[in-house]
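Coordinate inspection notes
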Amino acid sequence: MAGMPQAPFHILLVEDEPVIRELVRSMLSDGTVDVVCAANGLEGLKLARSRTFHLILMDVVLPQLDGISACRILKSDPVTAPVPLYMLTAKAKKSDVESATQAGADGYIHKPFRGAELMALVERLRMAQPRSEPA
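In this report, we go over the structure that sits alongside the text. Note that the structure is a prediction, hence the values are computed from the model and not measured. Along each chain, numbering runs from 1 in the same order as the chain's sequence is written. Per-residue local features of the predicted model are confined to residues with pLDDT of at least 70, and side-chain atom pairs are confined, for both listing and counting, to 80 or more; whole-chain, interface and lining totals are unaffected and use all residues. To get the side-chain values, all heavy atoms of the structure are used, and hydrogens and water are removed first.

Comments concerning the pairing of strand β2 (residues 33–38)
A regular strand carries its side chains on alternate faces of the sheet. Of all 6 residues in β2, 5 are buried, a share of seventy percent or more. Any two strands are treated as partners once DSSP identifies two or more bridges connecting them. Helix numbers and strand numbers start at the N terminus; a helix is a DSSP run of H or I with at least 4 residues, a strand a run of E with at least 2. Pairing of strand β1 (residues 9–14) with β2 involves 6 bridges; the strand directions are parallel. Across the sheet, the residue bridging to Leu12 is Val36, located in β2. Classification remark: right-handed applies to a crossover when, strands pointing away from the viewer, the course from the first strand over the helix to the second runs clockwise. Handedness of the β1-helix α1 (residues 18–28)-β2 crossover: right-handed. Each residue's exposure class comes from its accessible area (1.4 Å probe, protein chains only) as a fraction of the maximum for that residue type: buried when under 20%, exposed when over 50%, partly exposed otherwise.

The structure is reproduced here in structure tokens:
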């Protein structure tokens with residue numbers, strides 16, 4: 001099946017820092033990866049429910065609705081629960097990681113993160129998805 005075009009991989013990035021939003025978007029967007037950004041937790045929640053994403057990257061400290069609460073809501077919804085959700089945050093204490101895990105987060109990426117770490121995660125998840133997507 002080599003040579004088959006890969007379905008687009010949609011990522012939702014929920015991050016209140018414009019510089020980090022742009023950095024992640026430019027790092028990951030390559031024509032087959034589409035990064036949609038939200039600047040706060042409520043906007044992220046709304047976007048996550050409005051279309052299908054293959055990965056959600058979410059900061060913990062967000063205006064309007066924090067990332068842990070947004071994660072808990074998304075992971076309790078049968079529609080959004082299967083989507084891998086990784087916390088992308090500078091909050092690196094063991095208790096922070098435990099809170100994210102208890103809320104249902106699938107992983108935890110510490111800021112400052114290495115670009116290679118983020119790209120490897122996206123590549124791993126892309127390879128795990130079906131080769132084609134119904135239109």
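Back to the write-up after that little detour.
Overview of unusual backbone geometry
Lys111 connects to Pro112 through a cis peptide bond whose omega is -5 degrees. If you trace the backbone, Pro112 turns up in the loop between β5 (107–110) and α5 (115–128). Located in the positive-phi region is Gln64, a residue other than glycine, with phi close to 70 degrees. Relative to the elements of secondary structure, Gln64 occurs in the loop between β3 (55–58) and α3 (67–76). Overall, Gln64 belongs to the exposed group, its relative accessible area being 60%.

Some thoughts on the packing of α1 against α5
Only C-alpha atoms enter the line fits that serve as axes; for helices the fit covers just the stretch in contact. Angles between N-to-C directions range over 0 to 180 degrees. Interaxial distance between α1 and α5 falls to 10 Å at its minimum, and their mutual angle equals 55 degrees. As judged from the angle between their axes, α1 and α5 are oblique. Considering how the two elements wind past one another, α1 and α5 form a crossing that is right-handed. Residue-level contacts link Val24, Met27 and Leu28 of α1 to Gly115, Leu118, Met119 and Val122 of α5. Asp, Glu, Lys and Arg are counted as charged, while Ala, Val, Leu, Ile, Met, Phe, Trp, Tyr, Cys and Pro are counted as nonpolar; the rest, among them Gly, fall into the polar class. A class-by-class count of the residues in the contact of α1 with α5 yields 6 nonpolar, 1 polar and no charged. Working rule for angles: under 35 degrees goes down as roughly parallel, over 145 as roughly antiparallel, 65 to 115 as roughly perpendicular, anything else as oblique. In this scheme the handedness of a crossing depends on how the near helix is turned from the far one: anticlockwise by less than a right angle means left-handed, clockwise means right-handed. The contact criterion used is simple: two residues touch if any of their non-hydrogen atoms lie within 4.5 Å.

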